[in-house]
Amino acid sequence: MKKPEMQADPIPSTDADWMSQAVEQARLGIGLTSPNPAVGAVIVRDGRLIGRGWHRKAGGPHAEVEAIRDAWQQHPDLLAGATLYVTLEPCSTHGRTGPCTEAVREAGIGRVVWGARDPNPGHRGRAREVLEAAGIQVLSGVLESECRELIRPFAKWITTGMPYVIAKAGQSLDGRITRPAGEGQWLTSAEARAHGRRLRARVDAILVGAGTVRADNPQLTLREAAFPGKEQPWRVVLTRSGDLPASALLFKDEFKARTLVLRGLELEEALRELGRRGVVSVLIEGGADILRQAFARRLVDEVAWYVAPLLCGAGGLPVLGGHELSASVALKEVRMETLGDNLCITARPEWSEPAASPS
């Protein structure tokens, strides 16, 4: 049988170039692999790309195995002695799948290059020992910052037990998150709302307060067919009294089984509970009091802020509910993007490295 034609890819010549292709593979899995991290891999022989793969879902083959299978199907005669580039240190222990180090050895891979070290202290560094003992060359730390960025939520969860938290809000120029009565529901543009749904596709859970449920009756769904393979994130409602309308869409729609009510918990306690349930990442969508608590207690890892060209005056609700923070919050890695006539600011607070430890 005739072999498939070689893939028409550019042919990089350095480890960093090949690793960048592994990074692109890993990005295909963002939001789909929880509680595992998104990982990508490519296999190269004599300057030719012969296989590629990415981790598609927890319990499924890891990226290394996907890439080995791809290479075996297309170029089985080139696999022995090839170089595997993978964004994360290969696993070396049995879990829901076998260890990738064993798959690499059995495939006859001659050299393994990875970007980020495994953040799990129980696993970190073991892959090098196992692979070098099998006579396989190892190089680590290639495009390390890019590869670490891919696993930032997983790294926080696996080391602290706390999920990675994105705080999202839409506001007017004068700091209001609602319009005056009678002006309609939407403050931000359609493009900004679509961007927010893409944020939802990255996370395991969307968290709101009871006031948001009572006032807005949100669905908190992806609402698009553009996220194949993505399960509806948990819709988490934080409430003190438990007084929630039984008619709320969260309790009635097709995703009602993905709604979780947490009663009587402070925000940090709620996040710990979600972490214990295997929730790696959370998007906080409101309301104002929940956002204020998140910043006041240094629980936010990433910010996504949408600013609309409106002045809502006293008729709108202040973005933090009219309560002040005790200190300013400095942001870093700031990016700005126009979405229709809205401005989106994404950034990380200065405390973005996990500060909490498991209880």
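Residues numbered from 1 in each chain as written. Predicted model: local features only at pLDDT ≥ 70, side-chain atom pairs only at ≥ 80, totals over all residues. Heavy atoms only, no water.

## Topic: helix α1 (residues 15–27)
Alright, step 1. The end-to-end C-alpha distance of α1 is 19 Å, a good match for the 18 Å that 13 residues give at a rise of 1.5 Å each.
Alright, step 2. For α1, every residue scored as buried is listed here: W18, M19, Q21, A22, V23, Q25 and A26.
Alright, step 3. In this fold, the buried residues of α1 make contact with β1 (40–45), β2 (48–54), β3 (83–88), β4 (111–116) and α5 (144–150). (Helix = DSSP H or I, 4+ residues; strand = E, 2+ residues; numbered from the N terminus. Expected span 1.5 Å × (residues − 1). Buried < 20%, exposed > 50% of the residue type's maximum accessible area, 1.4 Å probe, protein only. Contact = heavy atoms within 4.5 Å.)

## Quick look at the sheet that holds β4
Alright, step 1. With mixed pairing, 5 strands are arranged side by side in an open sheet as β2-β1-β3-β4-β5. Each having just a single partner strand, β2 and β5 (137–140) make up the two edges of the open sheet. On average, each strand axis in the sheet is tilted by 15° relative to the strand beside it, whichever way the strands run.
Alright, step 2. Relative to β2, β1 runs antiparallel, the two being bridged by 6 bridges. Opposite I43, over in β2, you have G51 as the bridge partner.
Alright, step 3. Across the sheet, helix α2 (residues 63–74) touches β1, β2 and β3, and the angle it forms with β2 is around 140°. (Pairing = 2+ DSSP bridges. Axes fitted to C-alpha atoms, helices over the stretch in contact; angles between N-to-C directions.)

## Thoughts on the pairing of strand β8 (residues 234–239)
Alright, step 1. The buried fraction of β8 amounts to 5 of the 6 residues, a majority that puts the element mostly inside the structure.
Alright, step 2. Where strand β7 (residues 205–209) lies against β8, 5 bridges are found, and the strand directions are parallel. When the sheet's bridge partners are listed, A205 is paired in β8 with W234.
Alright, step 3. Bridge analysis of β8 against strand β9 (residues 259–263) gives 5 bridges, and the strand direction is parallel. Across the sheet, residue V237 finds its bridge partner in β9, namely V261.

## Focus on the packing of α2 against helix α3 (residues 100–107)
Alright, step 1. For the pair α2 and α3, the least separation of the axes is 9 Å and the interaxial angle reads 20°. Taken together, the axes of α2 and α3 lie roughly parallel to each other. In the crossing of α2 with α3, the sense of the turn from one axis to the other is left-handed. Taking contact as the criterion, the partners of E64, V65 and I68 in α2 are, on α3, C100, A103, V104 and A107. (Parallel < 35°, antiparallel > 145°, perpendicular 65-115°, else oblique. Left-handed = near helix turned anticlockwise from the far one by under 90°.)

## Structural notes on the environment of C91
Alright, step 1. Take C91: it is sitting in the loop between β3 and α3.
Alright, step 2. It is 22 Å that separates the C-alpha atoms of C91 and I50, two residues lying 41 residues apart in sequence.
Alright, step 3. Non-local contacts of C91, meaning those with residues more than four positions away in its chain, are made with H62, E64, G98, P99, C100 and T101.

## Here we look at the sheet that holds strand β11 (residues 302–308)
Alright, step 1. Strand order across the open sheet formed by 8 strands is β9-β8-β7-β10-β6-β11-β13-β12, with mixed pairing between neighbours. The open sheet terminates on both sides in strands that have one partner only, identified here as β9 and β12 (331–339). The mean angle between the axes of side-by-side strands here comes to 20°, regardless of whether they run parallel or antiparallel.
Alright, step 2. With 5 bridges connecting them, β11 and strand β13 (residues 342–349) associate as antiparallel partners. Bridge pairing in β13 places V307 opposite L343.
Alright, step 3. Packing of helix α6 (residues 152–160) onto the sheet brings it into contact with β6 (164–172), β10 (281–286), β12 and β13, and relative to β6 it is tilted by some 125°.
Alright, step 4. Sheet strands touched by helix α9 (residues 267–276): β6, β7, β8, β9 and β10. Its angle to β9, the strand with the most contacts, is close to 135°.

## A few points about the packing of aromatic side chains
Alright, step 1. A complete count under the given rule lists 2 aromatic pairs for this structure.
Alright, step 2. A ring pair is formed by F295 and W305, whose centres lie 6.0 Å apart and whose planes are at 65°; its orientation type is edge-to-face. Of this pair, F295 sits in helix α10 (residues 288–296) while W305 sits in strand β11; the two residues are 10 residues apart in sequence, bridging distant segments of the chain.
Alright, step 3. Judged by its relative accessible area of 9%, F295 is buried.
Alright, step 4. One Lys or Arg, R193, reaches over the ring of W186 and ends 4.3 Å from the middle of that ring.
Alright, step 5. The ring of W234 is capped by R258, whose NZ or CZ atom sits 4.2 Å from the centre of that ring. (Phe/Tyr/Trp six-rings, centres within 6.5 Å; stacked < 30°, edge-to-face > 60°. Lys NZ or Arg CZ within 6 Å of the ring centre and 35° of its normal.)

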